[in-house]
Amino acid sequence: MEACTKVTKEWLNSMEYRELNFAREKLVINPAKACQPLGALLCSLGIEGCLPFVHGSQGCAAYFRSTLSRHFREPVAAVSDSMTEDSAVFGGQSNFIEGLRNAYAVYKPKVISVFTSCMAEVIGDDIKSYLGNAKEQDAIPRDLAVALANTPSFKGSHITGYDSTVKSLIECLAKPRQEDTINDRLYVVPGFDTYPANLREYKRLLKEMNAPFTLLPDHSDVLDAPNLGTYELYPGGTPISEMNEALNAKSYLMLQAYSTSTTSKYLKGKGVPVETIPMPIGLSGTDNFIQAIAKFTGKEVPEEITIERGRAVDAMTDCHQYIHGKKFALFGDPDILIGLVSFLLEMGGEPVHIVCTNSTVPFKKAMEKLLSSSPYGQGATLYPGKDLWHLRSLLVTEPVDMLIGDGHGKYAARDANIPLIRVGIPIYDRVNLHRYPIVGYSGVINLITMIVNTFLDEIDRASTDTYFELMR
Amino acid sequence: MEACTKVTKEWLNSMEYRELNFAREKLVINPAKACQPLGALLCSLGIEGCLPFVHGSQGCAAYFRSTLSRHFREPVAAVSDSMTEDSAVFGGQSNFIEGLRNAYAVYKPKVISVFTSCMAEVIGDDIKSYLGNAKEQDAIPRDLAVALANTPSFKGSHITGYDSTVKSLIECLAKPRQEDTINDRLYVVPGFDTYPANLREYKRLLKEMNAPFTLLPDHSDVLDAPNLGTYELYPGGTPISEMNEALNAKSYLMLQAYSTSTTSKYLKGKGVPVETIPMPIGLSGTDNFIQAIAKFTGKEVPEEITIERGRAVDAMTDCHQYIHGKKFALFGDPDILIGLVSFLLEMGGEPVHIVCTNSTVPFKKAMEKLLSSSPYGQGATLYPGKDLWHLRSLLVTEPVDMLIGDGHGKYAARDANIPLIRVGIPIYDRVNLHRYPIVGYSGVINLITMIVNTFLDEIDRASTDTYFELMR
Amino acid sequence: MSIKETIDFRKQVVEEVLELYPEKAKKNRRQHITIKENNECASCAVKSNSKTVPGLMTARGCAYAGAKGVVWGPVKDCTHISHGPVGCGYYSWANRRNLADGEIGVDNFVPFLFTSDFQESDIIYGGDKKLEKIIEEVVGLFPNTKGVSVLSECPVGLIGDDIESVSRRMSEKIKLPVIPVRCEGFRGISQSLGHHIANDAIRDHLIGKGPGREVGPYDVGIIGDYNIGGDAWASKKILEEIGLNVVNIWTGDSTIEMLQNGHLVKLNLIHCYRSMNYMARHMEETYGTPWLEFNFFGPTKVRESILKIAAMFDDSIMEKAKAVIEKYEAEMQKVIDIYRPRLEGKKVMLYVGGLRPRHVVGAYEDLGMEVIGTGYEFAHGEDYDKSMANLKDGTLIYDDVTAIEIEEFVSKLKPDLVGSGIKEKYVFEKMGLPFRQMHSWDYSGPYHGYQGFPIFARDMDMAVNSPTWKAVKAPWAK
Amino acid sequence: MSIKETIDFRKQVVEEVLELYPEKAKKNRRQHITIKENNECASCAVKSNSKTVPGLMTARGCAYAGAKGVVWGPVKDCTHISHGPVGCGYYSWANRRNLADGEIGVDNFVPFLFTSDFQESDIIYGGDKKLEKIIEEVVGLFPNTKGVSVLSECPVGLIGDDIESVSRRMSEKIKLPVIPVRCEGFRGISQSLGHHIANDAIRDHLIGKGPGREVGPYDVGIIGDYNIGGDAWASKKILEEIGLNVVNIWTGDSTIEMLQNGHLVKLNLIHCYRSMNYMARHMEETYGTPWLEFNFFGPTKVRESILKIAAMFDDSIMEKAKAVIEKYEAEMQKVIDIYRPRLEGKKVMLYVGGLRPRHVVGAYEDLGMEVIGTGYEFAHGEDYDKSMANLKDGTLIYDDVTAIEIEEFVSKLKPDLVGSGIKEKYVFEKMGLPFRQMHSWDYSGPYHGYQGFPIFARDMDMAVNSPTWKAVKAPWAK
């Protein structure tokens, strides 16, 4: 390894290094994706009285809980059945059954959401039959709702696990769809979304539009719970009664395409009408959302919504000059990337590097279509399956003005000497960001505020006395 | 002036300079106050169909309009009667009458809010008799409501002008109070408040509390108007019908003490019950507000408000460690300072320098009482009547961690190498800040977000690789 | 529409708008508005520099704004006392973008507000003694100050204070120029008189009273460039590249000495004729310093101006001038190649002050854009005369246009871009119309010279083509 | 309450809590909880290091967490491959606060996640070939790496991959240590086995295999200090001031060479006995390197430890040690004078890992605070034995406490402060209870040594006395 002597930040910043870096085939460095059960947990937290239950090693559960607690600064409950070596040999059934028994006895859940981690998947545990046996043995009441999701970490990512668990919970809780029991409600599935404020924003807008709706799942009161002086294990979530009617929905609206595809397919298979729209980030994204609701209600968009939209437009026109022509790099989940890129294009911002570690083929097509639809998207390249070490090479060799992504991006942003706008998960190093929606018309204003004021901070910081102005 | 040679930033930063600076008696350098008519204009914009009318030089009107337009990034309408030299000699009556005639003809206001600038005050124009003559001459309809406020720039400050104009508008528009015409409404006067979002927040909370209310004045739809593709001269404000009933209010709630005292006195003189509470910044400030409303309605505080409060408390407990023990300097208007200091003390933050250019004796007493009520207020000094050049000396000789105040503070903050959190007016160099309330429980969260994330930004920026951490 | 139809349509628009006024106002305002036709005499067609109609919303400011905000404010090593109540100084504090090199508080006092903060007692008893004390204090706290200007606000003139004698006394005492500027806001009918008063103060108190200097063969001064966003530096760059030596700028990044030595140049180059022509004339009449008007907006005008300026000097300068033009025009062409296709045929309406309503027309034309309406806040007749050559037939011309007029004109003429000031900006934004602040360059700039044109082009493209305008109408709006 | 009453009350609380469980779980959990009384044998009273009860919410992690997250992660010049699916590496990425000097990506690889990101095909066909390629790639991209660790995740062990032979092969090829660490999460019953496995890997692959070095008379190593928030540096500072020479730290700001040369010291000083006692013992047994346990939390324990350490060396060291104590104790007294009055008598309950449940007790006592409950996540019997001397009668002791137990204990014992981990933090926050993260110091620190104690004191004061707790109840709440 004669290269030793040349290792410097300069070398790491070189085009030579970038090529070496992009030549790697197997090693993944700083990926922007977690594993399935994290998404399963996020989903499970959004159901009333639901106890998340990891069938696998207890270490997995500890990791998921820590990750979410750090990000949300909220308690996150989940049990596991603490499988160890003997389970590897004999299978996880005894742990599973004892785990269910204890968990039920202590936590009295309305539903238990079981999902698996690697170990159980590799050894091929049959959780469906284990559950049958658990009930047989009266470890839990026979009528206790227990949802089962297979969420192997070596397939997909956190968004896959979310999807599987939305499905498993509906499967477990919903009564069959019958022509005469169809309700009048729009079931809205937010997708893997780490902003309780986004969910609240959806609910507010749906209410404002007078649409009878169920948000499924809904973690907003769980991951943004008030401090009232008492700890509540189950502070909120989609009501079980509405889960029971989930297959009798008048129709479904999916607010993310790539974290709900399994669920959509399942619902369609049950004869439930499903519409999928891009995550309502940005003005036109929100317009789509509003129009989808209006289509559902068959009513006109209320004036108050039009006015609210007008305030977002006002912020856009007020601030376009600070974003127009600026170059951006982004990374994150497919759905959030579609939304953020759409927002930037609306502002005349120019995405340049788009890194999506958990990319898929349909996402790639959708992103390319979106980029080609705008003159401001022409300079962008999507890097599917790439990671944040690739991103670092991109940032230092083809500079941009700003990086947008989760807290893990702080290293690359620092090396490239550009600001990071924190969007996504994890964000361990700033507070309250999950309390501000990035969706809806308020989300438009919030994104503008974050991006523009960060640019303005940078200008002030870089200015000598001569250029240090009161107005910007 | 042999001192010439020693002028360096170091000398400006010295204790010697501070003493020299504090020894000045007459010169005012960078004061944190504007003049009365600015407040009069802000107030006038908050009344439905109200045309602000500056009796004085047109340059004054241009300055007021520019100031507010720059800050809010919104159109700000005001006419003037363009007094010039001949008015100085002959008085302003002919300009006044012609101005009213033209303004009424072109802009068809529901009410004209006349306020004066220096010139008219120095020459002693009798606007009341001018108005009589204008109507006599049929320059304007005899029944046109024209409010008259004397707002000389050489007395008080913008908050005084606001106060006088609230009073003049009530005087002009309100029918007399009679025992049998008293309505069931709480009239809420926000005070000189440059946050449309604050006014919206008040209205939201009042609605949530089911209190019949009138916000008087209410510029929220004027200074945060939607962009709907058409320019509206009168996009909102307190309805004239509610202005007509302003003396028949069941009672009044003043949300600032030092920008409403004239109005309060006037109302009390008319037999209207008036309660004044400190500006509802911070948790206990908001609690006071909520309790005042509950007292008015006679109903319990709704659970949703308690939960909302709980979310603010959650943000406070989540984030206390980032503010506790940090040292702050603040400047601004009396009412906002009381609110901000109260908020900091609740978080364990330590105000150190408090500069209030437009201080008054009652304010000084109230601030000192507030500071002495908390262990975290013991290190604070209020500097009444001082300016931002005094503040600069304080910051460089007795350093603090953060400055809170309007955009004019950026020079002092930069010289002291500390961040500025922008609160107040003017803010010409950041966007959208007026779209986020600093009052109410949401205001608690917003202030925490701004302050804490700014500190965290600074930590990241100051950290070498070794201390550059993902978690904070 | 043919030119004739256009002219007729616009005339009709003007008549419709005037209908909004009461008789007297209508009569007055009609005189201030015209349509360019057959290159008629502009100053005959457009009345200007007259009183604003009371009660109609004007964009005009006052004499103080012209004197302090425009002329004196950028003199960086001078402390400027806003003498009177707090407001005028407060509203003009650090919000004109005249950049200045120097350390703030050490040798650069531009972003400061020094005020005597008049109270009622000062009105009653007069402010002269206070002013004396203030001058002492300001010099004590800022010993590097090279002079003190006293900019009087309305009450000072009305109560009969004698700032001239205070200034004279204090000047002797502190051994620095103390310049009284009688710019009370009630004087005159716009900021224009303020410029004149400010100029007179320079004439009476500074010019020719400095240390003097040797005048080099290529020494020039720039007059009427306020260095908005660094404009003067962009102009200076060109002049220096063609071999000239810019020794003074009036007033952007300026010093007291530059004002004292304004006449000690071979040539004064005036950009904003309106605000400083008095001084150019004065220096010519009194000291024989020639002057020349120029225009550094857009490559076409820059080229014309460079050649005109170079022609005043020897061949070596002309040679360099041509080389500079060649070098930069290639760059400018690249800029035009990018932006012209995006802006070709777009229509612009302007309403600004000073020189811009005519000076920027060429820059727009370089981008293929057409100015269809323009007007001045505080012009005099000669400004309109000078404008005419730059404007096409059919151009709507308005003097001291009122808010309602410009709103209506824009609604009916439907330009693709409006360029005016902060008070107008958001009105048009609400109409969903691209807008640029042409006083402050919308906090961008510089726009002058070869350095400025790419920024100007980018900004106009950004304004006109921002996708945000398409967002204004909700998809469900009728 | 008398001690007797306190003990009886707490026993009753324990029984009440156990009532929540089904029979089998109750029986199991009862063995893990005790009240200290008459200094009985702790390891008899508290069962530990046994399987967690399935379905009860445990704070415990897994072997991978112990091996990668704790022991190997802080070795800065080594690239650590999280071998298996993406999750384990992702969740342990840059969120233990073991600071390291060095340039990130150049000679410091701590805040990195290197993963083989197993896909289904890797499960089916095995990951050995992939691992080979990954090791090649990591060395190519980070040529400064001084070694590669391979930390296996659950599937690797289950599918029968042979990472040992891959590591052997690749080590020869790249001429660097490649260390297989068999820390699959299903092994053992907590992170404790992960520590042991990680230690064994150091023993088998590194120790004694490095370049070697001369051992100076005052050379010491710090074992079991992970440099959370700079703790190890705070400890090092003291040791160096008393004249010792800290040549290795295991593992905080560590290098491969420090691991190779761990035995080449006069004395190993162990702070976290739990995670690294194996290695101290191994070095003593194999190389004769003596070791000593110490405690650098709070001035009382620091003093005891300094004197104990100094006693192992000559008089010159003892002399300096006493001087150091004198110097710093004066400073520490000032800290105590400020904070003790604010904290006196406040009660603390702890639930942490490693050494802290006993080591921090003295620091709290220095502030006048009393630890009324404590427990370990993954202790062994000897940890409880070692703890007893530090605890007062009546202290509630709980091993691998479940979430419901600690919630109930806290509700009933009503401490003024809870010190535990991130998973517990917000539960207690919601109860309106002051809390500090005692794994990560709540992103503050260091807490070790004289440098750390003022920070510790400030933080505990801030937690206990934050006015925000008073805000929890709404004034109108019943």
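What you are looking at is a predicted structure, and each value in this text was computed from that prediction instead of being measured. (Residues numbered from 1 in each chain as written. Chains lettered and ligands numbered in written order. Predicted model: local features only at pLDDT ≥ 70, side-chain atom pairs only at ≥ 80, totals over all residues. Heavy atoms only, no water.)

Participant: Lay out the overall build of chain A with the relevant residues and their values.
Facilitator: Within chain A one finds 20 helices and 14 strands. For 472 residues, the compact-globule estimate of 2.2 N^0.38 gives 23 Å, and the C-alpha radius of gyration of chain A, at 23 Å, lies within 12% of that figure. By principal-axis analysis of the C-alpha atoms, chain A measures approximately 80 × 65 × 45 Å. Counting every position in chain A, which comprises 472 residues, the buried fraction comes to 71%. Long-range contacts, defined as pairs at least 24 residues apart, comprise 74% of the intrachain contacts of chain A with a sequence gap of at least 6. Summed over all atoms, the accessible surface of chain A reaches about 14000 Å², with 51% contributed by carbon and sulfur. (Helix = DSSP H or I, 4+ residues; strand = E, 2+ residues; numbered from the N terminus. Rg over C-alpha atoms; globule rule 2.2 N^0.38 Å. Buried < 20%, exposed > 50% of the residue type's maximum accessible area, 1.4 Å probe, protein only. Contact = heavy atoms within 4.5 Å. Areas by Shrake-Rupley, 256 points an atom, 1.4 Å probe, with all protein chains shown as cover.)

Participant: Before we move on, can you summarise the UniProt feature "domain: Nitrogenase/oxidoreductase component" (unreviewed entry) in chain A with the specific residues and values?
Facilitator: Here, the residues flagged by UniProt with the feature "domain: Nitrogenase/oxidoreductase component" (unreviewed entry) are residues 35–455 of chain A. Each end of residues 35–455 of chain A is marked by a C-alpha atom, and these two atoms are 34 Å apart; helix forms 48% of the span and strand 13%. (UniProt positions renumbered as here; feature names shortened; annotations may be inferred.)

Participant: Give me the sheet that holds strand 3 (residues 79–80) of chain B: which residues, what numbers.
Facilitator: Residue and element names in this part refer to chain B. With parallel pairing, the four strands of this open sheet are ordered in space as 3-2-4-5. The sheet is open, and its two borders are formed by strand 3 and strand 5 (145–149), each paired with just one other strand. As defined by bridge partners, strand 2 (residues 50–55) adjoins strand 4 (residues 111–116) across six bridges and the pair is classed as parallel. Paired with Leu-51 across the bridge in strand 4 is Ile-112. Packed on one face of the sheet, helix 3 (residues 36–44) meets strand 2 and strand 4 and runs near 170° to strand 4. (Pairing = 2+ DSSP bridges. Axes fitted to C-alpha atoms, helices over the stretch in contact; angles between N-to-C directions.)

Participant: Explain the packing of helix 10 (residues 196–208) of chain B against helix 14 (residues 283–297) of chain B to me, and be specific about the residues and the numbers.
Facilitator: All names here are of chain B. Direction vectors running N to C along helix 10 and helix 14 enclose 45°, while the axes themselves pass 10 Å from each other. Comparing the axis directions of helix 10 and helix 14 gives the class oblique. Note on packing geometry: the crossing formed by helix 10 with helix 14 is right-handed. Where helix 10 approaches helix 14, its residues Tyr-202, Leu-205 and Leu-206 are matched on the opposing element by Phe-289, Ile-290 and Ile-293. Looking at the contact of helix 10 with helix 14 residue by residue, the classes come out as six nonpolar, no polar and no charged. (Parallel < 35°, antiparallel > 145°, perpendicular 65-115°, else oblique. Left-handed = near helix turned anticlockwise from the far one by under 90°. Nonpolar A, V, L, I, M, F, W, Y, C, P; charged D, E, K, R; others polar.)

Participant: Could you give an account of the interface of chain B and chain C, naming the residues involved and the relevant values?
Facilitator: Chain B puts 78 residues into the contact, and the matching count from chain C is 79 residues. Summed over both partners, the interface of chain B with chain C comes to about 7000 Å²; 64% of that surface belongs to carbon and sulfur atoms. In terms of surface lost to chain C, no three residues of chain B exceed Leu27(B), Tyr63(B) and Phe154(B), which account for 10% of the buried area on that side. Our count for the chain B to chain C interface comes out at five salt bridges. Summed over the shared surface of chain B and chain C, the number is 24 residue pairs in polar contact (both at pLDDT 80 or more). At ten residues, the largest contribution of residues to the side of chain B that touches chain C is made by helix 4 (residues 58–72) of chain B. Where strand 1 (residues 28–29) of chain B meets strand 3 (residues 114–115) of chain C, two bridges bridge the pair, whose relative direction is antiparallel. The residue bridging Ile29(B) from the neighbouring strand is Phe114(C), located in strand 3 of chain C. (Buried area = accessible area lost by both parts, 1.4 Å probe. Salt bridge = Lys/Arg side-chain N within 4 Å of Asp/Glu carboxyl O. Polar contact = N/O pair within 3.5 Å; in protein donor to acceptor, adjacent residues only side chain to side chain.)

Participant: How would you sum up the side chain of Ser192(C)? Please name residues and give values.
Facilitator: All names here are of chain C. Mapped onto the elements, Ser-192 comes out in helix 10 (residues 191–205). Assessed through its relative accessible area of 2%, Ser-192 is described here as buried. A distance of 2.8 Å separates polar atoms of two side chains, one belonging to Ser-192 and the other to His-380. When sequence neighbours within four positions are dropped, the list of residues in contact with Ser-192 reads Arg-274, Tyr-278, Phe-378 and His-380.

Participant: Summarise the domain arrangement of chain C; cite the residues concerned and give the values.
Facilitator: Residue and element names in this part refer to chain C. Under the domain assignment used here, chain C contains domain 1 (1–60 + 343–443), domain 2 (63–188) and domain 3 (219–330). Of all residues in domain 1, the largest losses of buried area upon contact with domain 3 belong to His-359, Asp-366 and Trp-441, amounting jointly to 36% of the total for that side. Where domain 1 touches domain 3, the interface holds five salt bridges. Ionic pairing is found between Arg-358 and Glu-293, a salt bridge with its closest N-O pair at 3.2 Å. Remark: the boundary between domain 1 and domain 3 carries ten residue pairs in polar contact (both at pLDDT 80 or more). Classifying every residue of the side of domain 1 that touches domain 3 by side-chain character gives six nonpolar, seven polar and six charged. (Domains from an automatic or database assignment.)

Participant: Explain the domain arrangement of chain A to me, and be specific about the residues and the numbers.
Facilitator: When the parts of a complex come together, some accessible area is lost, and that lost area is often taken as the interface size. Residue and element names in this part refer to chain A. Taken domain by domain, chain A holds domain 1 (36–173), domain 2 (179–225 + 233–297) and domain 3 (303–466). Centre-to-centre, using C-alpha coordinates, domain 1 lies 35 Å away from domain 3. On the domain 3 side, the residues contacting the nine residues of domain 1 number eleven residues. Interface area, domain 1 with domain 3, both sides summed: about 950 Å², of which 57% is carbon and sulfur.

Participant: Please give an account of helix 1 (residues 3–18) of chain D that cites residues and values.
Facilitator: Residues and elements named next belong to chain D. A rise of 1.5 Å per residue sets the reference length of helix 1, with its 16 residues, at 22 Å; its end C-alpha atoms lie 22 Å apart and thus fit the reference within 8%. Of the residues making up helix 1, those classed as buried are Thr-6, Ile-7, Arg-10, Val-13, Val-14, Val-17 and Leu-18. The arc that holds every buried residue of helix 1, seen down its axis, measures 130°, which confines them to one face. At its buried positions, helix 1 is contacted by helix 2 (23–30), strand 1 (33–35), strand 11 (370–376), strand 12 (396–399) and helix 19 (403–413). (Expected span 1.5 Å × (residues − 1). Arc of directions from axis to C-beta.)

Participant: Outline the pattern of salt bridges, listing residues and values.
Facilitator: Evaluated as defined, the whole model comprises 156 salt bridges over all chains. A salt bridge links Arg200(A) to Asp221(A), with the nearest nitrogen and oxygen atoms 2.9 Å apart. Of this pair, Arg200(A) sits in helix 10 (residues 196–208) while Asp221(A) is found in helix 11 (residues 220–223), placing the two residues 21 residues apart along the sequence. When its relative accessible area of 28% is taken as the criterion, Asp221(A) is described as partly exposed. Measuring nitrogen to oxygen at the nearest pair gives 2.7 Å for the salt bridge that ties Arg182(C) to Glu184(C). A single burial state applies to Arg182(C) and to Glu184(C), both of which are buried. Within this structure, Glu74(A), Arg200(A), Asp221(A), Asp224(A), Arg435(A), Arg311(B), Asp314(B), Asp318(B) and Lys430(D) form a network of salt bridges that share partners.

Participant: Would you mind going over the UniProt feature "domain: Nitrogenase/oxidoreductase component" (unreviewed entry) in chain C in detail, with residue names and values included?
Facilitator: Here the UniProt feature "domain: Nitrogenase/oxidoreductase component" (unreviewed entry) sits at residues 62–464 of chain C. Segment residues 62–464 of chain C splits into 49% helix and 14% strand. End C-alpha atoms: 32 Å apart.

Participant: I'd like to hear about unusual backbone geometry, residue by residue, with values.
Facilitator: Residues and elements named next belong to chain C. A cis amide bond links Trp-250 to the next residue, Thr-251, at an omega of -20°. Residue placement: Thr-251 occurs in the loop between strand 7 (245–250) and helix 12 (256–260). Geometrically, the link from Gly-445 to Pro-446 is a cis peptide bond, its omega value of -5° lying close to zero. Note that Pro-446 resides in the loop between strand 14 (435–437) and helix 21 (449–465). The backbone phi angle of Asn-227 is positive, close to 60°, even though this residue is not glycine. One can find Asn-227 in the loop between strand 6 (219–223) and helix 11 (231–241). Residue classification places Asn-227 among the buried positions, given a relative accessible area of 0%. Non-glycine residue Asp-400 carries a positive phi angle of around 45°.

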